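Structure assessment
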Amino acid sequence: MPVLTTKQKKTATKYSAYLLIVLSILWVGFVIYQTIEQDLQNLSFADFFLVAGDFLEQWPYLLLALGMILVVILSGAIKFSVMIHAKTGKWAIRDAIRLPIVGKYYENITPYGAGGPPYQIYHLRKTGMSLGQATALPIINYAFMRLTFGIVSLIFFILFPTVVTGWIRIAGYVGIVVSSIIPVAFIGITLSPKATKQILRFIAWMLQKLRIKKADFFMEKLSSTTQHYQDAIAEFRYNKTVLGVNFYLSMLSHIAMASIAFFVMKATPSSQLLIADFNYLHVTAMFLYAANFIAIIPTPGGSGAAEFSFVSLFAFYISGTYLVWAMLFWRFFSFYFIIFLGLPTVIISALAKKKRIKYTPEELHDFHAVQFIDNFYPLVDGVIKVVDSYAT
């Protein structure tokens, strides 16, 4: 296999960034087309300006709905800033703001919302972090987001079991298992050295059976990265500040996201509401049932499931064209706004050059002879340390 020169590697990296941008734009275009087709299929354009004007007259509530998605972004930025500071001593405000934006962006355009953490890892790598550290931070954030989503949902499901019909209630509990319990359990397994050892052995066996070239080199890299990832997360285990910030701000993020539906409904003209006196807690509970139902549907952005669940649940309060418009405003704040904000962020991030730690040469000193004695142990290379740890 030919070895690439430094110039060729830089050119390949540049074109890879361009390709990532093009593919991202094409995929976003597909997702937006798919969701708009679902969102607008029941909308009569004859009533477009009339109905939209009625909603815009209640602009303070729409502004509050927008504020909720900004709370989600801000809480995510604070979490990443605190974790980065714990690792590097720097708050990295700009990178911390980008990370929740690109995370939500890729969650919205990938099935099961699985695309957020991988791109956050990619972005953190470009800041100069090691692969283990860059992996640990998004995984910690993802674990707390899934854990707290399950907790918030379960609390509302227990307190308000009758706000939805039986089959939606069942789908909500299935959604908790799929979107919260399984991911958190899997992450917990990856933190266990014994479980990880068995997984690595299975991967090595598969590579051997498939006769993959450079399998030993790949396993060495994978083992090293896994060890660094576990070490990076272990450093946070007793950091009460990092754990507390992640837990409480993740809870806040879910509550803010759930509040968008309530403020959109408040923007609906009272004359069009089937039930004028609706309760915040009931609406939030209904949204969480809908969100958990969406979680079990493997479509980008929950396309189709989001529209069905919103219309099915909130038809209890709104009907006709106003229901469709309420759903459309809700989708804008919870989905389209992130898409329009995230795409330029992804492009800027892809074009940005990877930050490198400035090399400072060591000062030269006069040579001195050193005698090695029995109780002197040289520092062990990181890779050897990893291999040794998994061999014992």
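Residues numbered from 1 in each chain as written. Predicted model: local features only at pLDDT ≥ 70, side-chain atom pairs only at ≥ 80, totals over all residues. Heavy atoms only, no water.

Here's the deal with the overall build of the chain
Broken down by element type, the chain carries 14 helices and 0 strands. For the chain, the N- to C-terminal ordering of α and β elements is α-α-α-α-α-α-α-α-α-α-α-α-α-α. Burial statistics for the chain: of 392 residues in total, 45% are counted as buried. At a minimum sequence separation of 6, the contacts of the chain that also span at least 24 residues come to 78%. Carbon and sulfur atoms form 67% of the exposed surface of the chain, whose accessible area is close to 22300 Å². (Helix = DSSP H or I, 4+ residues; strand = E, 2+ residues; numbered from the N terminus. Buried < 20%, exposed > 50% of the residue type's maximum accessible area, 1.4 Å probe, protein only. Contact = heavy atoms within 4.5 Å. Areas by Shrake-Rupley, 256 points an atom, 1.4 Å probe, with all protein chains shown as cover.)

Structural notes on the environment of Phe 332
Mapped onto the elements, Phe 332 comes out in helix H13 (residues 320-351). Separated by 266 residues in the primary sequence, Phe 332 and Leu 66 have C-alpha atoms spaced 9.3 Å apart. With sequence-adjacent residues up to four places away left out, Phe 332 is seen in contact with Phe 337 and Phe 340.

Side note on the environment of Tyr 105
Mapping Tyr 105 onto the fold places it in helix H4 (residues 93-109). By relative accessible area, which is 0% here, Tyr 105 ends up buried. Considering only alpha carbons, one finds Tyr 105 and Gly 115, 10 residues apart in sequence, at a separation of 8.5 Å.

Some points on the pattern of salt bridges
Taken as a whole and assessed by the stated rule, the structure comprises 2 salt bridges. Here Lys 87 makes a salt bridge to Glu 235, at a shortest N to O gap of 2.6 Å. Residue Lys 87 is located in helix H3 (residues 59-88), and its partner Glu 235 is located in helix H9 (residues 215-236); the two are separated by 148 residues in the primary sequence. Judged by relative accessible area, which is 16%, Lys 87 ranks as buried. Close ionic contact of Lys 104 with Glu 107 constitutes a salt bridge, the shortest N to O distance being 3.7 Å. Pair noted here: Lys 104 and Glu 107 are both in helix H4, with a separation of 3 residues, about one helical turn. Residue class for Lys 104 comes out buried when judged on its relative accessible area of 17%. (Salt bridge = Lys/Arg side-chain N within 4 Å of Asp/Glu carboxyl O.)

Regarding the nonpolar core
Within the largest apolar cluster, 68 residues are counted, with the highest numbers of intra-cluster contacts made by Ile 260, Phe 314 and Trp 330. Met 129, Ala 136, Leu 137 and Ala 143 belong to the second-largest nonpolar core, a separate cluster that totals 22 residues. (Core = buried A, V, L, I, M, F, W, Y, C linked by side-chain atoms within 4.5 Å.)

Describing the packing of aromatic side chains
Enumeration over the complete set of coordinates arrives at 20 aromatic pairs. Ring centres of Phe 55 and Phe 329 lie 5.2 Å apart, and the angle between their planes is 40°; this geometry places the pair in the tilted category. With a gap of 274 residues between them, Phe 55 in helix H2 (residues 48-56) and Phe 329 in helix H13 connect regions that are remote in the sequence. Using a relative accessible area of 13% as the deciding quantity, one classes Phe 329 as buried. Members of the aromatic cluster, each reached through a chain of ring pairs, are Phe 55, Tyr 322, Trp 325 and Phe 329. A cation over a ring is seen here: Lys 87 above Phe 236, with NZ or CZ 5.0 Å from the ring centre. A cation sits over an aromatic face here: Arg 331 above Phe 335, 4.6 Å from the ring centre. (Phe/Tyr/Trp six-rings, centres within 6.5 Å; stacked < 30°, edge-to-face > 60°. Lys NZ or Arg CZ within 6 Å of the ring centre and 35° of its normal.)

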